[in-house]
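Working through the structure, step by step
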Amino acid sequence: MNAAQLPNLIPLLPEFVLGVGAMALLLVGVFRRAEGERFVDAAAIVLLAAAGVIIALLPAGKMTTFGGSFVVDEFARFLKILALLGSAAAIAMSLDYAKHEGEQRFEYSVLILLSTLGMLMLISAADLIALYLGLELMSLPLYVVAASHRNSLRSTEAGLKYFVLGALSSGMLLYGASLIYGFTGTVSFAGIAHAAGQGGVGLIFGIVFLFAGFCFKVSAVPFHMWTPDVYEGAPTPVTAFFAAAPKVAGIAMFVRAAVTAFPGLTSQWQQIVVFVSIASMALGSFAAIGQRNIKRLMAYSSIGHMGFALVGLAAGTTEGVQGVLVYVAIYMTMTLGVFAAILSMRRRTGMVESIDQLAGLSRTHPTLAFFLAMLLFSMAGIPPLAGFFAKFYVFLAAIKAGLYALAVLGVVTSVVGAYYYLYIVKLMYFDEPAGKFEQMPYELRVVLAICGLFNIFFFVYPAPLVGIASAAARSLF
Amino acid sequence: MLLHAIFFYLFAGVTVASAVMVIAARNPVHSVLFLILAFVNAAGLFVLMGAEFLAWILIIVYVGAVALLFLSVVMMLDVDFTALRRGVLSYLPVGVLIGAVLLVELLIIVGAWVVGPDVAKAITAPIPPPAQVSNTQALGLVLYTNYIYFFQTAGIILLVAMIGAIVLTLHHKPNVRRQIIAHQVARSKATAIEIVKVKSGQGLP
């Protein structure tokens, strides 16, 4: 036997930096327990930034390695940088919370780094094994950080619930993957696309199971049941993390698998995505109306937003994928901004989570109230804020693909959903103040200001984001 | 061929029977022992198929590690398993019904099994034919070469599992006195003993 050649490792460089860096920080944290925590947090953000810079500096064009299992194209670059931004913001937003709750542990940052490593692998995965391993590496740290307040019943319940349901969904995904492998004889997406042809009942069966696993990970209806409980139970910075970066990676894997592995079966999987998308939009809009806890409300809001993002995938065209990418980018800024505001809802007695506590915010904290109101308007999709453009691109793609019913239902549910966003704005501007919050920490102000300004001024110059998303979408087809 | 068939039915029959006993046994320790029996017989099935590597892995990992871990957990924890599992058998009819529906659906799928013309070409065969190498060797040839990426990723996932277990269960108690060998070795006569002159008849203050 001749010696195997060393695979090309250049495309893997960002993942390598993150993985080795995370392990080095683990050592630092273990040996310098007390004084190492601040250093580990700062170093984790530096590592995420370094990985982002390396991704930007990688040679242009499409690169594959490890026999085609790992692919770096425009699509991967765009989403990887988004995921890194989301994770870095999540670590920054956890600093103050950890200081107050006295539960600061260096493992939190290390676990987020390893989860982000999983996201990058997932975004680049071009076969079923790499997809599954990336997914598990992303999810396993999430289960742990959800339960990281181990003395709190709600937190441990959230972690356990997430873990058990996550294992179930992994099982479904693996079952689907094994059926697909059985019917096509290969695990690589290109090979599946080649062998699938017009499909057959068995292959469709496999796709249904695979998509069920995907829907669980992006919390789309009917696999959304875990979301409100986990969002409410997990510590708030962890919830902020859940709502941002893992959703980006989940949507990335959904889009890449659907578009590159099953291009000949678009009309088949389109039905699934259309149903999931309508159900998510409807549930996200109607179920959120009765919520009084702002974290539960954000959970339903994220279910709805995933439904809107999937409208673009349902179109199955380049414009559709471009719409999805613009949507997740804008969704991430909106979510991070709103969570920065939620994390600043702290009174002397501790964190508060009820939306009634926001009453009269415009008089006690006018700047916070203004930015939060703008972000909520953006989530509701009111022009000229960024959220309007996000919805505009996905609905445009759906109409161009002839999915009129889907687009109309999307607009209707978006109007219903506007009710609860506007209700919070009404509470903040027209109700009697419920009392002042503590001083807002520096890093939360930065995140809130950046996200708020991005959403307000996106309409002035949308070309860069839309252009990059369009190039990324074209690299898939 | 007849011998082969006899052993197949022996292993398969015992596997299914012991799997039923795992959920039906009253004593949880018996359940785990039946689980071990099921694993060993499944390993026998693998050997019959010529997958001896999988058979050994099944015995070493599942019987050697997982089942024994179960056994020690069952024996150590004070959980009333009989109360926990009360009613499992009363749910059996519904479970059997759902299982039957799934089985029928699967049969329909298998019945509609059409292998496309390109599938045979798409299957890659990175290993030499079975006549040349045993399957342990064949796995070894690709596991650390073609599949090194997957192998390393699996390793990182296991690292995460370890970190997670420690994060969720390790409590640092403040008053624990740990042995610090460097301090013990660094003791000298001056720091270790104190000489007190005691006047006779007075004792220590």
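Residues numbered from 1 in each chain as written. Chains lettered and ligands numbered in written order. Predicted model: local features only at pLDDT ≥ 70, side-chain atom pairs only at ≥ 80, totals over all residues. Heavy atoms only, no water.

**Overview of the overall build of chain B**
What counts is decided by this rule: By definition, any uninterrupted DSSP run of H or I lasting at least four residues is a helix, any uninterrupted run of E lasting at least two residues is a strand, and each is numbered from the N terminus. Residue contacts are counted whenever heavy atoms from the two residues lie within 4.5 Å of one another. For accessible areas, the Shrake-Rupley method is used with a probe of radius 1.4 Å. Any residue's cover is judged against the shown protein chains and nothing else.
Scanning chain B for helices and strands turns up 10 helices and zero strands. A sequence separation of at least 24 residues applies to 55% of the contacts in chain B between residues at least 6 apart. Accessible surface for chain B amounts to roughly 15500 Å². Of this, 72% is attributable to carbon and sulfur atoms.

**A closer look at the overall build of chain A**
Note the following rule: Values of the radius of gyration come from C-alpha atoms, whereas the globule rule sets the reference at 2.2 Å times the count of residues to the power 0.38. We call a residue buried when its accessible area falls under 20% of the maximum for its residue type, exposed when it is over 50%, and partly exposed in between, using a 1.4 Å probe and counting protein chains only. By the counting rule applied here, Lys and Arg register as positive and Asp and Glu as negative, while His and the ends of each chain are not counted. Where a charge lies is defined by one atom per residue type: Lys uses NZ, Arg uses CZ, Asp uses CG and Glu uses CD.
A tally of helices and strands in chain A yields 20 helices and four strands. Its C-alpha radius of gyration of 21 Å places chain A within 12% of the 23 Å reference for a compact globule of 477 residues. C-alpha atoms of chain A, sized along the principal axes, occupy 70 × 60 × 40 Å. Sorting the 477 residues of chain A into buried and exposed places 63% on the buried side. Total accessible area computed for chain A in this model is approximately 16800 Å², and 69% of it derives from carbon and sulfur atoms. Across chain A, the mean location of the 27 positive side-chain charges is 3 Å away from that of the 22 negative side-chain charges.

**With respect to the confidence of the model for chain A**
How we decide: The pLDDT value tells you how sure the predictor is about a given residue, anywhere from 0 up to 100.
Averaged over chain A, the pLDDT score is 90; the fraction of residues at 70 or greater is 97%. The secondary structure element of chain A with the lowest average pLDDT is strand β4 (residues 350–351) of chain A, at 83, and the one with the highest is helix α5 (residues 128–146) of chain A, at 95.

**What about the interface of chain B and chain A?**
Formally: Computed with a 1.4 Å rolling probe, the buried area is the accessible surface lost when two parts are put together, summed over both parts. Each reported salt bridge corresponds to a side-chain nitrogen of Lys or Arg within 4 Å of a carboxyl oxygen of Asp or Glu. Pairs of N or O atoms are called polar contacts if they sit within 3.5 Å, as long as, within protein, a hydrogen donor faces a hydrogen acceptor (for residues adjacent in sequence, only side-chain-to-side-chain pairs). Side-chain classes follow a simple rule in which Ala, Val, Leu, Ile, Met, Phe, Trp, Tyr, Cys and Pro form the nonpolar group, Asp, Glu, Lys and Arg form the charged group, and the remainder, Gly included, forms the polar group.
Counting residues at the interface gives 29 residues for chain B and 40 residues for chain A. Where chain B abuts chain A, roughly 3100 Å² becomes buried across the two surfaces, and 80% of that area is made up of carbon and sulfur atoms. Our count for the chain B to chain A interface comes out at zero salt bridges. Taken together, chain B and chain A are joined by two residue pairs in polar contact (both at pLDDT 80 or more). With 15 residues, helix α8 (residues 148–169) of chain B is the single largest residue contributor to the side of chain B that touches chain A. Taken together, the residues that form the side of chain B that touches chain A break down as 22 nonpolar, six polar and one charged.

**What to know about helix α1 (residues 13–31) of chain A**
Given 3.6 residues per helical turn, the α-helix brings residues three or four places apart onto the same face. The line we're drawing: To estimate how far a helix should reach, multiply one less than its number of residues by 1.5 Å. Throughout, the arc means that of the directions going from the helix axis to the C-beta atoms.
An ideal rise of 1.5 Å per residue puts 27 Å on 19 residues; α1 of chain A measures up with 27 Å between its terminal C-alpha atoms. Inspection of α1 of chain A places P14, E15, L18, G19, G21, A22, L25, L26 and G29 of chain A among the buried residues, and these make up the whole buried set. Viewed along the axis of α1 of chain A, the buried residues span an arc of 170°, placing them on a single side of the element. α1 of chain A presents F16, L27 and F31 of chain A as exposed residues on the side facing more than 90 degrees away from its buried surface. Its buried side turned inward, α1 of chain A meets α2 (36–57), β2 (70–72), α3 (74–101) and α4 (107–124) of chain A together with α8 of chain B.

**Remarks on unusual backbone geometry**
All names here are of chain A. The linkage connecting V221 with the following residue, P222, adopts the cis geometry, with an omega of 5°. Turning to its location among the elements, P222 is positioned in the loop between α8 (201–217) and α9 (226–233). A cis amide bond links P383 with the next residue in sequence, P384, at an omega value of 5°. Here P384 shows up in the loop between α16 (366–380) and α17 (386–400). One non-glycine residue, F66, lies in positive phi territory at about 50°. Within the element layout of this structure, F66 appears in the loop between β1 (63–65) and β2.

**Some thoughts on the packing of α9 of chain A against helix α13 (residues 294–315) of chain A**
All names here are of chain A. The cut-off we apply is this: In this analysis, axes come from line fits to C-alpha atoms, helices being fitted only over the stretch in contact, and the angle between any two N-to-C directions falls in the range 0 to 180 degrees. In what follows, roughly perpendicular refers to angles from 65 to 115 degrees, roughly parallel to angles under 35, roughly antiparallel to angles over 145, and oblique to any angle outside these ranges. If you view the pair so one helix is near and one far, a crossing is left-handed when the near helix is turned anticlockwise from the far one by less than a right angle, and right-handed when it is turned clockwise.
Direction vectors running N to C along α9 and α13 enclose 140°, while the axes themselves pass 8 Å from each other. Classified by the angle between their axes, α9 and α13 sit oblique to one another. Our pair here, α9 against α13, has a crossing hand that is right-handed. Only K295, R296, M298, A299, Y300, S302 and I303 of α13 make contact with α9, whose side of the interface consists of T227, P228, D229, Y231 and E232. By residue class, the composition of the contact of α9 with α13 is six nonpolar, two polar and four charged.

**Comments concerning the packing of aromatic side chains**
Residues and elements named next belong to chain B. Let me state the cut-off plainly: Here a pair means two rings of Phe, Tyr or Trp (six-membered ring of Trp) with centres within 6.5 Å. Their orientation is stacked below 30 degrees between planes, edge-to-face above 60, and tilted elsewhere.
Under the defined criterion, the tally for this structure stands at 29 aromatic pairs over all chains. Note on F39 and Y62: the rings are 5.2 Å apart at their centroids and 55° apart in plane angle, and the pair reads as tilted. One end of the pair, F39, is in helix α2 (residues 28–48); the other, Y62, is in helix α3 (residues 52–76), and 23 residues separate them in sequence. In this structure F39 comes out as buried when scored by relative accessible area, which is 17%.

**What about the nonpolar core?**
This is how the line gets drawn: Residue types Ala, Val, Leu, Ile, Met, Phe, Trp, Tyr and Cys, when buried and joined through side-chain atoms within 4.5 Å, form a set referred to as a nonpolar core.
Formed by 194 residues in total, the largest nonpolar core has its most connected members in L79, M93, F242 and L313 of chain A. The dominant element in this core, judged by the number of residues it contributes, is helix α14 (residues 318–343) of chain A, at 18 residues. Contacts of L79 of chain A, omitting those with residues within four sequence positions, involve I123, V248, A252, L325 and V328 of chain A. Listed in part, the six residues of the second largest apolar core include L35, I36, V63 and A67 of chain B.

**With respect to the pattern of salt bridges**
Residue and element names in this part refer to chain A. With the rule as written, the count across this model stands at 13 salt bridges over all chains. For R77, the salt bridge goes to E74, with nearest N and O atoms at 3.7 Å. Taken together, the residues R77 and E74, both in helix α3 and three residues apart, mark about one turn of the helix. Its salt-bridge partner being E232, residue R296 comes within 2.5 Å of it at the nearest N-O pair. Taken as a pair, R296 in helix α13 and E232 in helix α9 lie far apart in primary sequence, 64 residues in all.

**Examining a nonpolar patch on the surface**
Going by this rule: Patch rule: a residue counts if its relative accessible area is over 30% and it has no salt bridge; like charges are joined within 9 Å, and nonpolar side chains (Val, Leu, Ile, Met, Phe, Trp, Tyr) within 5 Å.
A contiguous nonpolar surface patch, about 420 Å² in accessible area, is contributed by I129 of chain A together with L143, Y144, Y147 and F151 of chain B. Turning to its location among the elements, F151 of chain B is positioned in helix α8.

**Brief notes about helix α20 (residues 463–474) of chain A**
Residues and elements named next belong to chain A. Taking 1.5 Å per residue, 12 residues should reach 16 Å; α20 reaches 16 Å between its end C-alpha atoms and fits that length. By the burial criterion, the buried members of α20 are L465, V466, A469, S470, A472 and A473. In an axial view of α20, the angular spread of the buried residues amounts to 160°, which keeps them on one side of the axis. The secondary structure elements touched by the buried residues of α20 are α3, α14, α17 and α19 (442–457).

**Let's talk about the environment of Y132 of chain A**
Residue and element names in this part refer to chain A. Note on placement: Y132 falls in helix α5. When the C-alpha atoms of Y132 and A22 are compared, they prove to be 21 Å apart, with 110 residues separating the residues in sequence. Excluding anything up to four places from it in sequence, Y132 contacts S170, L173 and L174.

**Considering the side chain of S219 of chain A**
Mapped onto the secondary structure, S219 of chain A falls in the loop between α8 and α9. Since its relative accessible area comes to 0%, S219 of chain A is described here as buried.

**Some details on the confidence of the model for chain B**
Residues and elements named next belong to chain B. Of the residues in chain B, 84% have a pLDDT of 70 or more, and the chain-wide mean is 83. Highest mean pLDDT in chain B belongs to α8 (93); lowest belongs to helix α6 (residues 119–122) (62). At the level of chain-chain contacts, confidence expressed as ipTM amounts to 0.91, with global pTM at 0.89.

**Regarding the packing of α16 of chain A against helix α18 (residues 404–430) of chain A**
All names here are of chain A. At a closest axis distance of 8 Å, the pairing of α16 and α18 adopts a crossing angle of 170°. It follows that α16 is roughly antiparallel to α18 by the angle criterion. Contacts between α16 and α18 involve A369, F370, L372, A373, L376, F377, M379 and A380 on the former and, on the latter, S414, A418, Y421, L422, I424, V425, M428 and Y429. Looking at the contact of α16 with α18 residue by residue, the class counts come to 15 nonpolar, one polar and no charged.

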